[in-house]
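Below are the chains, spelled out letter by letter.
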Amino acid sequence: MLGLDKKHTNLLLLVFVLTLLAPFILNPFPEGSGMAQFNAGYPDLMQRFVIFGIFAIGFNILFGLTGYLSFGHAAFLGVGSYAAMWMMKLLTMNIIPAIAVSVIVAGLFALLVGWISLRRSGIYFSILTLAFAQMSYALAYSVLTPITGGETGLQPKLQDPRILDGALEAGASPKANLFGLEMGSSFEWSVGSWLFTFNVGYYVAAIAMLASFYLAIRIFNSPFGMMLRAIKSNQQRLNYTGLNARPYTLAAFVVSGMYAGLAGGLMVAMDTQVGAERMFWTASGEVVLMTILGGAGTLIGPVLGAGMIKYMENIMSKINSTILHEWFAFLPDGLEDFVVTLIYPFIGKGWHLTLGLIFMLVVIFLPGGLVEGGQRIAKLFKRKNPSSDTPDGKTTPAE
Amino acid sequence: MGILDIKNVGKRFGGLQALGDVNLSVAENSCHAIIGPNGAGKSTLLNCLVGKLIPDTGSVMFDGKSVLGRKPYEINQMGISRVFQTPEIFGDLSVLENMLIPCFAKRDGSFTPNAFIDMYKDREIVERAEHMLEEMGMADARGDNAATMSRGNKRRLEIGMCLAQEPRLLLLDEPTAGMARADTNNTIDLLKQIKDERDITIAIIEHDMHVVFSLAERITVLAQGTPLVEDTPDKIKGHPKVREAYLGETQDAA
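Definitions and cut-offs
- Residues numbered from 1 in each chain as written.
- Chains lettered and ligands numbered in written order.
- Predicted model: local features only at pLDDT ≥ 70, side-chain atom pairs only at ≥ 80, totals over all residues.
- Helix = DSSP H or I, 4+ residues; strand = E, 2+ residues; numbered from the N terminus.
- Rg over C-alpha atoms; globule rule 2.2 N^0.38 Å.
- Buried ≥ 20, exposed ≤ 12 C-beta atoms within 10 Å, placed from the backbone.
- Contact = placed C-beta atoms within 7 Å.
- Nonpolar A, V, L, I, M, F, W, Y, C, P; charged D, E, K, R; others polar.
- Axes fitted to C-alpha atoms, helices over the stretch in contact; angles between N-to-C directions.
- Pairing = 2+ DSSP bridges.
- Domains from an automatic or database assignment.
- pLDDT = per-residue confidence, 0-100.

### A closer look at the overall build of chain B
Assigned secondary structure in chain B consists of 10 helices and 10 strands. Relative to a compact globule of 254 residues, whose C-alpha radius of gyration would be 18 Å, chain B shows 19 Å and is just as compact. In terms of its C-alpha atoms, chain B occupies a principal-axis envelope of roughly 60 × 40 × 30 Å. Split into buried and exposed, the 254 residues of chain B put 46% on the buried side. Considering only intrachain contacts with a sequence separation of at least 6, the fraction spanning at least 24 residues in chain B is 68%.

Shown next, in the form of structure tokens:
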């Protein structure tokens, strides 16, 4: 289907079904129950899952395939966001031109940054990209304030020209929409004590994510993708096989910059504001974490990594000491306090500590990320019941 | 005029004159060996041919065109393939993928942004790569990770990858260095077969006299950056200057 082989078609279908049903899957606990705080099925977070999924998929095309570790990818996200915001201010609140322009502008910026940074490889390349990103961040805060809004950032204002949109009614505020369908609008479906929210913005972002994912599969399976992996594997051999690594890495860099731009544009479409902190180096570092945590160089890994980090950031960080005390209320008082004190540094604001520990464990024991973890578990199950695979009861050697 | 003409090539690294004044001509469809003791400048000379180094003086002409100032990939596209001292293959890729890459490079040139075709649906390329693997006797290993192969097989794959590009000149840099005797003999047999079956010029740099005398039709002896003698293997064997340069090494090795 769609020019993919069976394995990849199945993967794409799986991701399609999961994103389509995400409002159900992410809301397994009934409203009002003690576990409801683990529900992730609200629009804001679901949008973040898919948007950062796009960001990480794009980053993985560069880092996972070519091995070039960019430490400045948030710059493209930020530039895409600003571009989208200006389209919304000048042209229309319809998200199509905003997103299209964010991808193009981020791509052009990536072309410039890549053209310069790719003269070096390894740590020097990483430092160059980091320098560019921090430069963009500093510029956005200072001299470029007329364009970026400086510290306050940018929001759509009533007096913006918006030449394609009609005048707003009195009292109405400009809202991001897709031909009139507002990104913020949701359909809520209440089943028993469960509440499922189907948000327009989420599904728009999900479609973009599925398209990005499909594109990534095509790139992975193409000769172009193989050349990128060859660059990571042995650039010397590639050069002496008559292939010029520069345009390949530059193309990968631009493509991944465009993915970041798309993510930035979608962020503006969902939540109509942008500030320079989006380009800070920690944001660049986050996408590196996502990709490595999920599994660099794998297709689904970056999406998993993005989901995991965003889930922890939004859910783990909400657990406070009161909630902990409720959980461990069944313990004797002294012990309860002790257990809560023990766990407290790892939750709430301390979620970074948990993330750090998980990241260390993954890097040390599962260099292939969560995907490798999944593969190992799958292998365990295969080994456990080999007789059920083959009718004659003979064991088959593991692949 | 040979297919490769090296004229007055000199290269200096700081105070060290690595290559003095090298004049060398490799005849088309011959097998030419360059031997010499350690530090004689063999590798420097080779690096000057493939674009890794640019000589300070002189000219290197391949098939009537200068290679100087061109990048390694451009020189490769002109028809010069290089086999490295330690086999350079794509370790993270499968054996078949290793073979697909030179096939794509041969047909599509140094850069093709073909990001939307499935590489295994490109029958022409896949068939060519599988044919090459069969010729190298590695068809069964096509799905294996290239890094897991033995040294001898890595060398075989590397040579196969070079041949897949149908080069006019194959440069070999100590192709049997660090190999067990059996692997060395296999490699010699493979190279002999290549020499007999194809219209290809082979230039080989080698320490191992057994390899050199099994393969070469002409031998140049390099010492301290300058060619000492150039002759047929039989004449080289007994040449007093060669013995002197090697300080008796030839007697042990041969």
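### Some remarks on the overall build of chain A
Looking only at helices and strands, one finds 17 helices and 4 strands in chain A. For a compact globule of 399 residues, the expected C-alpha radius of gyration is about 21 Å, and chain A comes in at 23 Å, within 12% of that figure. With respect to the principal axes defined by its C-alpha atoms, chain A has extents near 70 × 65 × 45 Å. Counting all 399 residues of chain A, 44% fall into the buried class. Pairs at least 24 residues apart make up 73% of the contacts formed inside chain A by residues separated by at least 6 positions.

### Some details on the interface of chain A and chain B
Contact with chain A, which involves 25 residues of that partner, is made by 29 residues of chain B. When contributions to the side of chain A that touches chain B are tallied by element, the ones reaching two or more residues are α8 (200–221), α9 (223–233), α10 (235–239) and α11 (245–270) of chain A. The leading source of residues in the side of chain A that touches chain B is α9(A), at 8 residues. Tallied by class, residues from the side of chain A that touches chain B come to 10 nonpolar, 11 polar and 4 charged.

### A short note on the packing of helix α4 (residues 74–90) of chain A against helix α6 (residues 122–141) of chain A
Residue and element names in this part refer to chain A. Orientation of α4 relative to α6, taken along the N-to-C sense of each, is 35°, at an axis distance of 8 Å. Between α4 and α6, the residues in contact are Ala74, Ala75, Gly78 and Val79 and Phe132, Ala133, Ser136 and Ala140, respectively. Here the contact of α4 with α6 is built from residues that sort into 6 nonpolar, 2 polar and no charged.

### Overview of the sheet that holds strand β9 (residues 218–223) of chain B
Residues and elements named next belong to chain B. One open sheet holds the 6 strands; their spatial order is β6-β7-β8-β3-β9-β10, and the pairing between them is mixed. Of all strands in the sheet, those with a lone pairing partner are β6 (80–83) and β10 (226–231), marking the two edges. Neighbour-to-neighbour, the strand axes of this sheet turn through a mean angle of 20°, independent of strand direction. Across the face of the sheet, helix α1 (residues 42–50) comes into contact with β3 (31–35), β6, β7 (169–173), β8 (201–205) and β9 while running at roughly 145° to β7.

### Describing the domain arrangement of chain B
Partitioning chain B into domains gives domain 1 (1–74 + 201–254) and domain 2 (89–150). A separation of 32 Å is found between the C-alpha centroids of domain 1 of chain B and domain 2 of chain B.

### Brief notes about the pairing of strand β2 (residues 16–26) of chain B
Residues and elements named next belong to chain B. The pairing of strand β1 (residues 4–13) with β2 spans 7 bridges and is antiparallel. Paired with Lys11 across the strands is Leu19, a residue of β2. Adjacent in sequence and paired antiparallel, β1 and β2 are bridged by 2 residues, among which Gly14 carries a positive phi angle near 55°.

### What to know about the environment of A:Leu128
All names here are of chain A. Within the element layout of this structure, Leu128 appears in helix α6. Considered as a pair, Leu128 and Ile116 are 12 residues apart in the sequence and their alpha carbons are 8.3 Å apart. Sequence-distant contacts of Leu128, defined by excluding residues within four places in its chain, comprise Ile116, Ser117 and Arg120.

### Let's talk about the confidence of the model for chain A
Scored by pLDDT, chain A has a mean of 91; 96% of the residues are at 70 or more. With pLDDT under 50 throughout, residues 387–399 of chain A is counted as low confidence; its partners more than four residues away or in other chains account for 8 contacts.

### Some points on the sheet that holds strand β4 (residues 57–62) of chain B
All names here are of chain B. If you walk across this open sheet you meet the 4 strands as β2-β1-β4-β5, and the pairing is antiparallel. Of all the strands in the sheet, the pair left with one neighbour each is β2 and β5 (65–66). As paired strands, β4 and β5 are joined by 2 bridges and run antiparallel to one another. Following the sheet pairing, Phe62 is matched in β5 by Lys65. Packing against the sheet, α1 makes contact with β1, β2 and β4, and its axis sits at approximately 65° to β2.

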